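# An overview of the molecular structure
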Amino acid sequence: MDVVRSSVPDSSSVTEVGQADMANAIRALAMDAVQQANSGHPGMPMGMADVATVLYSRFLKFDPARPDWPDRDRFVLSAGHGSMLLYGLLYLTGYPQMSIEQIRNFRQLDSITAGHPEFGAAPGIETTTGPLGQGLGNAVGMALAERMLNARYGDAVVDHHTYVIAGDGCLMEGISHEAASLAGHLGLRKLIVLFDDNAITIDGSTDLSVSDDQCRRFEALGWATQKIDGHDPVAIAAAIERARGSDRPTLIACKTVIGFGAPTKAGTAKTHGAPLGEDEIAGTRENLGWPHPPFEIPPDILAAWRALGGRGAETADAWEAALAAQDAEVAGRFRREIRGDLPDGWRQALADYKKQVLDENPTLATRVSSQRVLDVLAAAIPQLIGGSADLTGSNNTKAASQEPVHQDSYGGRYIYYGVREHGMAAAMNGLALHGGFIPYGGTFLVFSDYCRPAMRLSAMMHQRVVYVMTHDSIGLGEDGPTHQPVEHLAALRAIPNLLVFRPADNIETAECWEAALDSHDAPSVLALTRQSLPTLRKEAGENCSACGGYIMVPAEKERQVTLIASGSEVQIAIKAQEMLHAEDISAAVVSMPCWELFDRQPQHYRDEVLGPGALHVGIEAAGGFGWERWIEAGGGFVGMRGFGASAPAKQLYQKFNITPEAVVESVKARL
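Quick notes on the rules
- Position numbers for residues count from 1 along each chain, tracking the sequence in the order it is written.
- The predicted nature of this model means local features are confined to residues of pLDDT at least 70 and side-chain atom pairs, given and counted, to a pLDDT of 80 or more, with totals for whole chains, interfaces and linings taken over all residues.
- Each side-chain value is derived from all of the structure's non-hydrogen atoms; neither hydrogens nor water enter the calculation.
- The secondary structure listing takes helices from DSSP runs of H or I that are at least 4 residues long and strands from runs of E that are at least 2 residues long, numbered from the N terminus.
- Each residue after the first adds 1.5 Å to the expected span of a helix.
- Throughout this description, buried means an accessible area under 20% of the type-specific maximum (1.4 Å probe, protein chains only), exposed means over 50%, and partly exposed covers the range between.
- We call a set of buried Ala, Val, Leu, Ile, Met, Phe, Trp, Tyr and Cys residues a nonpolar core when their side-chain atoms join them within 4.5 Å.
- Any pair of residues with heavy atoms lying within 4.5 Å of one another is described as a contacting pair.
- The term salt bridge refers to a side-chain nitrogen of Lys or Arg lying within 4 Å of a carboxyl oxygen of Asp or Glu.
- Pairing between strands is defined by DSSP: at least two bridges between them are needed.
- Every angle, taken between N-to-C directions, lies between 0 and 180 degrees, and every axis is a line fitted to C-alpha atoms, over only the stretch in contact when it is a helix.
- By the definition adopted for this analysis, an angle is roughly parallel if under 35 degrees, roughly antiparallel if over 145, roughly perpendicular if from 65 to 115, and oblique otherwise.
- Should the near helix be turned anticlockwise from the far one by less than a right angle, the crossing is left-handed, and should it be turned clockwise, the crossing is right-handed.
- When residues are grouped by polarity, Ala, Val, Leu, Ile, Met, Phe, Trp, Tyr, Cys and Pro land in nonpolar, Asp, Glu, Lys and Arg in charged, and all others, Gly among them, in polar.
- In summary, the pairing rule links any two rings of Phe, Tyr or Trp, Trp by its six-membered ring, whose centres are within 6.5 Å, and it sorts them by plane angle into stacked for under 30 degrees, edge-to-face for over 60 and tilted for everything else.
- Lysine NZ or arginine CZ positioned within 6 Å of the ring centre and within 35 degrees of the ring normal marks a charge as sitting over the ring.

### Observations concerning helix α15 (residues 366–380)
- Its 15 residues place the ends of α15 21 Å apart at the C-alpha level, agreeing with the 21 Å of an ideal helix rising 1.5 Å per residue.
- All buried positions along α15 are accounted for by T366, R367, S369, S370, V373, L374, V376, L377 and A378.

### What about the nonpolar core?
- Counting 134 residues, the largest nonpolar core has F75, I103, L191 and W305 as its most contacted members.
- If we skip the residues at most four places from it in the chain, I103 touches L29, A33, M84, Y87, G88, Y91, M98, T113 and F295.
- Residues L580, M592, F637 and F656 belong to the second largest nonpolar core, which totals 48 residues.

### Observations regarding the pattern of salt bridges
- One pass over the full model with this rule turns up 27 salt bridges.
- Across the pair E126 and R72 runs a salt bridge whose closest N-O atoms are separated by 2.8 Å. Of the two residues, E126 sits in the loop between α4 (100–104) and α5 (134–153) while R72 sits in the loop between α2 (43–59) and β2 (74–77), which places them 54 residues apart along the sequence.
- For R72, a relative accessible area of 8% corresponds to the buried category.
- Residue E539 is joined to R537 by a salt bridge in which the shortest nitrogen-to-oxygen separation is 3.7 Å.
- A relative accessible area of 37% means that E539 is categorised as partly exposed.

### As for the sheet that holds strand β10 (residues 384–388)
- Strand order across the open sheet formed by 6 strands is β11-β10-β12-β13-β15-β14, with parallel pairing between neighbours. Edge strands, defined here as strands with exactly one partner in the open sheet, are β11 (414–416) and β14 (499–501). Neighbour-to-neighbour, the strand axes of this sheet turn through a mean angle of 20°, independent of strand direction.
- Both strand β12 (residues 438–444) and strand β13 (residues 466–470) contribute to a ladder of 5 bridges, which runs parallel. From the neighbouring strand, G442 faces β13, where its bridge partner is V468.
- Its contacts with the sheet place helix α18 (residues 448–460) against β12, β13 and β15 (524–527), and it is angled at close to 160° to β13.

### Focus on the environment of A37
- Structurally, the position occupied by A37 is in helix α1 (residues 14–37).
- Separated by 78 residues in the primary sequence, A37 and G115 place their C-alpha atoms 9.9 Å from one another.

### Topic: unusual backbone geometry
- Located in the positive-phi region is N38, a residue other than glycine, with phi close to 55°.
- Within the fold, N38 resides in the loop between α1 and α2.
- For N396, which is not glycine, the phi dihedral falls at a positive 55°.
- Structurally, the position occupied by N396 is in the loop between α16 (392–395) and β11.

### Quick word on the sheet that holds strand β20 (residues 615–623)
- Ordered by their spatial adjacency, 5 strands build an open sheet running β17-β19-β18-β20-β21, and the pairing between neighbours is mixed. Each edge of the open sheet carries a strand with a single partner, namely β17 (550–553) and β21 (636–640). Adjacent strand axes in the sheet meet at a mean angle of 30°, parallel and antiparallel pairs treated alike.
- Sheet topology note: the strand β18 (residues 561–565)/β20 ladder contains 5 bridges and is parallel. Each bridged residue has a counterpart across the sheet, and for V561 the counterpart in β20 is L615.

### Points about the pairing of β2
- Residue alternation in β2 divides its side chains into two sets, R74 and V76 and F75 and L77, and both sets are buried.
- Looking at chain direction, β2 and strand β3 (residues 162–167) are connected through 4 bridges and run parallel. Each residue of the ladder has a partner; that of R74, found in β3, is T162.

### Focus: the packing of α5 against helix α17 (residues 421–434)
- As a packed pair, α5 and α17 sit with axes 6 Å apart at the nearest point and diverge in direction by 55°. Of the possible angle classes, the one that applies to α5 and α17 is oblique. For the pair α5 and α17, the sense of crossing is right-handed. Packed against α5, whose contacting residues are Q134, G137, N138, G141, M142, L144, A145, E146, M148 and L149, the element α17 presents H422, A426, A427, N429, G430, L431, L433 and H434 at the interface.
- Looking at the contact of α5 with α17 residue by residue, the class counts come to 9 nonpolar, 8 polar and 1 charged.

### Some details on the packing of aromatic side chains
- Within the structure shown, the criterion is met by 16 aromatic pairs.
- Ring geometry for Y56 and F75: centres 5.6 Å apart, planes at 85°, overall edge-to-face. Of this pair, Y56 sits in helix α2 while F75 sits in strand β2, and the two are 19 residues apart along the sequence. When sorted by exposure, Y56 lands in the same class as F75, which is buried.
- Aromatic side chains W595 and W627 sit 5.1 Å apart centroid to centroid with 85° between the ring planes, which places their arrangement in the edge-to-face category. Note that W595 is positioned in helix α22 (residues 595–599) and W627 in the loop between β20 and β21, a separation of 32 residues in sequence.
- In textbook terms, an aromatic cluster arises when at least three aromatic residues are bridged by ring pairs, as seen for W595, F598, Y605, W627, W630 and F637.
- Over the aromatic face of W595 sits the side chain of R493, whose NZ or CZ is 3.9 Å from the ring centroid.
- Across from the ring centre of F656, 5.5 Å away, lies the NZ or CZ of K655, which sits over that ring.

### Re the packing of helix α12 (residues 312–324) against helix α13 (residues 328–339)
- Contact geometry for α12 and α13: axes closest at 8 Å, N-to-C directions at 125°. The angle between α12 and α13 places the two elements in the oblique class. Two secondary-structure elements touch here, α12 through W319, E320 and L323 and α13 through A331, F334 and R335.

### A short note on the pairing of strand β4 (residues 191–197)
- Counting buried residues along β4, 7 of its 7 residues qualify, which places the element largely inside the surrounding structure.
- Side chains L191, V193, F195 and D197 project from β4 onto one buried face, and the interleaved I192, L194 and D196 project onto a second face that is buried too.
- When β3 meets β4, the two strands line up parallel, connected through 6 bridges. By the bridge assignment, A166 is partnered in β4 with F195.
- Of the strand pairs in this sheet, β4 and strand β8 (residues 250–255) are connected by 6 bridges, and their pairing is parallel.

### Here we look at α17
- Helix length check: α17 (14 residues) gives 20 Å between terminal C-alpha atoms against 20 Å at 1.5 Å per residue, within 8%.
- The buried count for α17 comes to 14 of 14 residues, which makes it a mostly enclosed element.
- A positive phi of about 95° marks G435, the residue just after α17.

Below is the structure:
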């Protein structure tokens, strides 16, 4: 660990005076916006204003006129509660949408200055943060994306840093360990975390709840670390410069005073999550030498900030010229991958694979079917990046053409995430947000609980991230109830804008992968079986799964019953249909691999599939919560009523009465 100190700066220098005034502009905007909103967190922006000013004025590579310029540095405010720090910086540096009116409307309805930064609300917001530690996890994915793209295109096209401001809360959250451990293992040297070491949380001093030595902790994880005075611009600049030359990711512990400048509340939890109050703000203005009215930035200070924003245009122009100098095919491929467009030919390759499946008619677990699909897709889509949380052989996530990513070779396309489900999910968000890659990663469906906070943000940010979650029911067998998901499908289906796919056979698995890749504005879950399933589909022309639900086997005469199932239970529905037919009861079998896509279909299509007026019976080896959406009054559900048990899968289906006979009994009891 390095302790960085500066020589005593000349307080009369124009540079230092300018630096202080520029930092005080951030402090003023933060305290005034929070006060006007009567809500928010002024302390962190006021404490980290000096660090942010040095970062933006001396190091950060950005262009407000081209906020999506691919080779810009990424700045992630992991401590998202301090959102006014970011909004103030965006306004001061001249991002067009971030006007002073938006600053005044902080935390108000329909403003772009939400309580916590929201990706897509305004240019310059690289990710949605607020749940502490998520931004750090995203930044690991962004830094990894930079190294992986650099391995493909070289320094002339990809060469930038990822900077993070994180607080005590970010580093207390468990995800910080997973993210930092992964970053250290992968040697992500262009990742620099500026730790706001203010020793304050909402409850009070951090010594109430934590005594970690964060620098020693991060050193053990393979990081370089430094300690500095977070209010000394010379020390801040020296530390960042040293970090930029490191061969490891760097944590810079910036010792700061939360609510810097406040006369009675600085250094206390009272500045963390509440307005300072008019009297305290007046005293702060006096302490800082800032006599200007609320939301007024003197022209010379604003001009200095805007000049910083304007200088990025030259760097961006030089990058555009460097890209144009590349081979036309290379430049075109880079732009296509950054846009997220898929290459020509992938869909035809998948169609050819489905024809092969029909010819072979295999009986396979859908996790194995998924791996076969991935062999096709990974060969056709170079930007498809896989991984697993230490379950590669169980999730079947590694395609034959994929080589591993490690710190000596970032050119691979498969990431061994280790037992870090939460860190994996957050890093995949970062990979997707950065651009250039479509990430997917695997774990068991029951461990979606470990991923859920990051999955929720995938959905909120409309990111194309694919979660491959195998061992999707009691069908996994002997591992027992700790590993058998029961409530998880319902819990995932409850997340808005998350597509949950549960394919019934080899053909549907391919179709669900196709639908997931076509979903540019939503993440997807593929819930896949451990147990083998027969190929049920007899044709593979149209992507039926893309409609969410469809009639797999129609009724032979006027429909009396609709059996609705997903995944491994579709075969049970088909057997039950045959048994009902023998008793002169006409039933149709509906496969519903994706509720969310089915819900998007027009009403006439849904009516055609479900058959209004027919008796509806749902069948799924999971809890029944939510099935009332598809089962009309008087219908039934055959599924789980509690946790599973440890036994072979076939015995479990019998024990929990998820059988064709149980379906027939349910139908006959209700007709």
